[in-house]
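Residues per chain are reported as follows:
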Amino acid sequence: MSWYDLLGVSRDASTQEIKRAWRDATDKFEPGSGTGQFRLFNEAADVLLDPTRRAAYDEELGAPAGSAPVAVAPEPTLEPVPAVVLDKETASTGSGSASVGHSDSSAPAWLMSLAMVLVMALLAVLTVGALGVGGYFWHQHRTDNQAQDAGQEATAAAERALPVILSYDYRHLAADRDHAAQFLTPRYKKEYTATFDKLIESTGTTPGPAEQTKAVVTATVENIGVVRAEPGQVRVIAFLNQSTTKAGGTPQLSLNRLTVSMTRSGNSWLVENISSY
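A.B. asks: Pulling in residues and values, what's your account of the packing of aromatic side chains?
C.D. replies: Throughout the structure, instances matching the rule amount to three aromatic pairs. Where Y168 meets F196, the ring centres are 5.9 Å apart and the plane angle is 80°; that geometry is what we call edge-to-face. Residue Y168 is found in strand β3 (residues 168-169), and its partner F196 is found in helix α8 (residues 186-200); the two are separated by 28 residues along the sequence. Just as Y168 is buried, F196 falls in that class too. Within the aromatic cluster, the residues linked to one another by ring pairs are Y168, Y192 and F196.

A.B. asks: Describe the pattern of salt bridges, with residues and values.
C.D. replies: Considering all chains together, one arrives at seven salt bridges under this definition. Across the pair E153 and R264 runs a salt bridge, and its minimum N-O distance is 3.3 Å. Note that E153 is positioned in helix α6 (residues 109-165) and R264 in strand β6 (residues 252-265), a separation of 111 residues in sequence. Overall, E153 belongs to the partly exposed group, its relative accessible area being 23%. Judged by its relative accessible area of 35%, R264 falls in the partly exposed class. The shortest N-O distance in the salt bridge between R177 and D178 comes to 3.1 Å. For R177, a relative accessible area of 18% translates into the label buried. Judged by relative accessible area, which is 47%, D178 ranks as partly exposed. By sharing partners, the salt bridges in this structure join R177, D178 and D197 into a single network.

A.B. asks: A description of the side chain of T245 should follow, citing residues and the corresponding values.
C.D. replies: Checked against the element boundaries, T245 lands in strand β5 (residues 233-246). In this structure T245 comes out as buried when scored by relative accessible area, which is 18%. Setting aside residues no more than four positions away along its own chain, T245 makes contact with K214, A215, V216 and P251.

A.B. asks: Describe the packing of helix α7 (residues 173-181) against α8, with residues and values.
C.D. replies: Contact geometry for α7 and α8: axes closest at 10 Å, N-to-C directions at 170°. Accordingly, the angle class assigned to the pair α7 and α8 is roughly antiparallel. The crossing of α7 and α8 is right-handed. Contacts from L173, A174, D176, R177, A180 and A181 of α7 reach α8 at K189, Y192, T193, F196, D197, L199 and I200. Looking at side-chain class alone, the contact of α7 with α8 contains eight nonpolar, one polar and four charged residues.

A.B. asks: Any chance you could break down α8 for me, citing the residues and the numbers?
C.D. replies: In this model α8 runs 21 Å from its N-terminal to its C-terminal C-alpha over 15 residues, within 8% of the 21 Å that 1.5 Å per residue would give. For α8, every residue scored as buried is listed here: Y188, Y192 and F196. Summarising the axial view, the buried residues of α8 lie within an arc of 55°, below the 170-degree limit, and thus occupy one face. When the buried face of α8 is taken as reference, the exposed residues oriented beyond 90 degrees from it are P186, K190 and K198.

Criteria and cut-off values
- Residues numbered from 1 in each chain as written.
- Predicted model: local features only at pLDDT ≥ 70, side-chain atom pairs only at ≥ 80, totals over all residues.
- Heavy atoms only, no water.
- Phe/Tyr/Trp six-rings, centres within 6.5 Å; stacked < 30°, edge-to-face > 60°.
- Helix = DSSP H or I, 4+ residues; strand = E, 2+ residues; numbered from the N terminus.
- Buried < 20%, exposed > 50% of the residue type's maximum accessible area, 1.4 Å probe, protein only.
- Salt bridge = Lys/Arg side-chain N within 4 Å of Asp/Glu carboxyl O.
- Contact = heavy atoms within 4.5 Å.
- Axes fitted to C-alpha atoms, helices over the stretch in contact; angles between N-to-C directions.
- Parallel < 35°, antiparallel > 145°, perpendicular 65-115°, else oblique.
- Left-handed = near helix turned anticlockwise from the far one by under 90°.
- Nonpolar A, V, L, I, M, F, W, Y, C, P; charged D, E, K, R; others polar.
- Expected span 1.5 Å × (residues − 1).
- Arc of directions from axis to C-beta.

This is the structure in structure tokens:
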């Protein structure tokens, strides 16, 4: 299957047709779902929407089906020319007629064997070099694809986790804290829990700060994107709105920009750190 087949367009499709087919194909994906197929559609568009890369790709594919074959003129046949060799008698006396035969011009066997060994050694070196270069580019391509998939998966996980981690209600603070903890790495869970508990701690008969002010905080992610992605570690940037209501008063809106470090844990992505800037 070619990139044209994947997008469902013909070999002579215009740039606009290719762009429209690519958008139709990728619009059906939700963030973090179908990452393998999503990447393939993007890779097809990267090649076919770049005139230089598309021309090179078309050359690799060869002529489209149905193209007229190109006539190739047959090469001229050369008649063999017999070699003229003097017989021993003529060679020794310098007289007599010449006889027709084959010249004894073959190289010694040891020289032919040496040449063959050198050729085989050169081929072996070239083969090893080609395998090394090919292996490097294959590994790099595979790593790049894994990083792209990781970025999409981690972004979707962060978008689900941040509203839970950064929201709470004074009426069920402990439940909110425990719910948020499931999205955190063990190290960051300790730091988060220690900070969150300060909202709950009471002094004597005085309730904790959150309960005292009857605070309700609701967080929503407005936008999110990848800053840097590796197969097991992804850093994302998130634009977050937090609405804070105290003692039933008017909600106060704050806009935050966060950098979030995500770490792969098994088949899941967990929050390793959150910082604002």
